[in-house]
Structures are given as C-alpha cells and as structure tokens.
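# Examining the three-dimensional arrangement
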Amino acid sequence: MWVLFGSEKNSETKDRLPRPEDYPRALYTFDIGQNDLHAGLTSMKEDEVIKYIPDIINVLSSTVEKLYQGGARTFWIHNTGPIGCLPALVKNYPPAPENVDKIGCVDSYNKVAQEFNKQLKDRVSTLGTQLQESSLVYVDVYSVKYSLISEADKHGKQIF
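Residues numbered from 1 in each chain as written. Predicted model: local features only at pLDDT ≥ 70, side-chain atom pairs only at ≥ 80, totals over all residues. Heavy atoms only, no water.

## Focus on the pairing of strand S2 (residues 74-78)
Bridging between strand S1 (residues 27-31) and S2 involves five bridges; their strand directions are parallel. Paired with Asp31 across the bridge in S2 is His78. (Pairing = 2+ DSSP bridges. Helix = DSSP H or I, 4+ residues; strand = E, 2+ residues; numbered from the N terminus.)

Laid out in structure tokens, this is it:
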C-alpha cells in the first residue's frame with residue numbers, strides 16, 4: 001500500500017492516492033463468498049465445494065492479517081447471501097422437487113452458503129481475538145437477503 005504512494009512519480013496521480021496515514025483510519029469492507037460458491041456449485045459437487053470453503057476463508061484471513069500488519073484496523077466483513085435463491089442457478093441448474101425450499105430456492109445450495117457463513121463467522125471471531133487492536137464486524141447479509149426474497153410483500157410494493 002505505502003510502496004505505491006511512495007513510488008508514484010506523477011504528482012497528479014499521487015494526489016489522488018490515499019496518504020499512508022489514511023490507511024489506519026479507513027474502513028476495509030469485504031463481501032465474500034458468492035462468486036466462489038457460484039463457481040464451485042456450477043463446476044463441482046456440493047460436497048467438493050464444502051471441502052473448498054476453508055481455502056476461500058484462508059485467503060480472506062491472510063488478506064485481513066496483511067492489511068492489519070500495514071496499519072488497517074477497522075474491517076466490515078459481509079457473509080454470503082442465499083446463493084440457492086439466485087435466479088440464474090435456479091433456472092440453469094434446476095433442482096429436484098425435494099431440493100426446493102418453501103420459497104422456491106435450491107435448499108442444498110443454501111446449506112452450502114450457510115456452512116460457508118458459519119466457518120466465516122468463526123474465523124472473523126478468531127481474527128478479532130488475534131488482532132487485538134482491530135475492530136472486525138461480521139455482517140449477516142444472508143438473513144437480510146433471504147428475508148427480502150421470502151417476504152418481498154412486506155418490504156416493498158409491486159410495480160408491474
């Protein structure tokens with residue numbers, strides 16, 4: 001981070017870069033899981049995707065640790081949403097009738113997302129203990145999105 005600032009010769013570009021003293025005051029936001037799980041669920045069996053989850057979370061953990069070592073202190077980490085409700089997955093990879101939940105989402109895909117979120121929450125908690133000067137906030141996006149999908153009539157107005 002700081003190397004980029006110090007090595008930039010063009011003053012116009014350098015003026016747009018954050019200064020090294022800005023990094024500790026920044027909020028670092030991560031929205032993790034959906035692309036990785038989507039790629040996995042469209043190319044692997046679900047149990048293989050579940051085995052891959054620790055690798056995904058290890059990359060995030062390593063990134064947070066490196067940022068922390070560089071001075072970052074405040075992190076906002078979103079879990080993944082109900083991937084089994086993505087229209088592209090439901091349409092392109094239609095589930096067996098017994099694998100559909102009460103609102104039409106692919107139940108087994110959402111269980112993969114829930115497992116991912118459980119492991120992510122555990123790791124964020126561990127990081128919070130290890131990185132004592134940090135503030136890590138785990139944000140449950142899954143529940144919010146599932147509620148929006150399953151209770152759409154409570155959250156908005158049909159316009160068509």
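Having put the structure on the table, let's press on.
## A closer look at the sheet that holds S1
Read across the open sheet, the three strands follow the order S1-S2-S3; overall the sheet is parallel. Edge strands, defined here as strands with exactly one partner in the open sheet, are S1 and strand S3 (135-139). Adjacent strand axes in the sheet meet at a mean angle of 15° when their direction is disregarded. Each of S2 and S3 touches helix H6 (residues 107-130); the most contacted strand, S3, lies at about 165° to it. (Axes fitted to C-alpha atoms, helices over the stretch in contact; angles between N-to-C directions. Contact = heavy atoms within 4.5 Å.)

## Quick word on the nonpolar core
Soluble globular proteins tend to bury their nonpolar side chains together. The biggest cluster of nonpolar side chains holds 33 residues, and the ones touching the most others in it are Phe30, Leu37, Val64, Phe75, Ile77, Phe116 and Leu120. Elements represented by at least two residues in this core include exactly S1, helix H3 (34-41), helix H4 (46-69), S2, H6 and helix H7 (141-150). Looking at which element gives the most residues to this core, the answer is H4, with eight residues. Once residues within four sequence positions are removed from consideration, Val64 is found in contact with Phe30, Phe75, Ile77, Leu127, Leu131 and Leu136. (Core = buried A, V, L, I, M, F, W, Y, C linked by side-chain atoms within 4.5 Å. Buried < 20%, exposed > 50% of the residue type's maximum accessible area, 1.4 Å probe, protein only.)

## Notes on the state of the cysteines
As enumerated under the stated definition, the model contains one disulfide in all. Between the sulfur atoms of Cys85 and its disulfide partner Cys105 the distance amounts to 2.0 Å. Judged by the sign of its S-S torsion, about 110°, the cystine formed by Cys85 and Cys105 is right-handed. Pair noted here: Cys85 is in the loop between S2 and helix H5 (87-92) and Cys105 is in the loop between H5 and H6, with a separation of 20 residues, a long-range link. (Disulfide = S-S within 2.5 Å.)

## A closer look at the packing of aromatic side chains
A complete count under the given rule lists two aromatic pairs for this structure. Look at Tyr28 and Phe75: their rings are 5.7 Å apart centre to centre, the planes differ by 35°, and that puts the pair in the tilted class. Residue Tyr28 is located in strand S1, and its partner Phe75 is located in strand S2; the two are separated by 47 residues in the primary sequence. The exposure classification of Tyr28 matches that of Phe75, with both residues buried. Taking 6.1 Å as the distance between ring centres and 0° as the angle between the ring planes, the aromatic pair formed by Tyr142 and Tyr146 counts as stacked. Within this pair, Tyr142 and its partner Tyr146 are both found in helix H7, separated by four residues, close to a single helical turn. Owing to a relative accessible area of 18%, Tyr146 belongs among the buried residues under this scheme. The ring centre of Tyr68 lies 3.9 Å from the NZ or CZ of Arg73, which sits over that ring. (Phe/Tyr/Trp six-rings, centres within 6.5 Å; stacked < 30°, edge-to-face > 60°. Lys NZ or Arg CZ within 6 Å of the ring centre and 35° of its normal.)

## Side note on H6
Counted at 1.5 Å a residue, the expected span for H6 with its 24 residues is 34 Å, and the 35 Å between its end C-alpha atoms agrees. For H6, the complete set of buried residues consists of Ser108, Tyr109, Asn110, Val112, Ala113, Phe116, Asn117, Leu120, Val124 and Leu127. Elements in contact with the buried residues of H6: H3, H4, S2, H5, S3 and H7. (Expected span 1.5 Å × (residues − 1).)

## Quick word on the pattern of salt bridges
Going through the model one piece at a time under the given rule, you end up with seven salt bridges. A salt bridge links Arg25 to Asp22; the shortest N-O distance between them is 3.0 Å. What makes Asp22 buried here is its relative accessible area of 18%. Between Asp122 and Lys118 there is a salt bridge, with its nearest N and O atoms 3.4 Å apart. Highlighted residues: Asp122 and Lys118, both in helix H6, separated by four residues, approximately one helical turn. (Salt bridge = Lys/Arg side-chain N within 4 Å of Asp/Glu carboxyl O.)

Read these as geometric descriptors, not functional statements.
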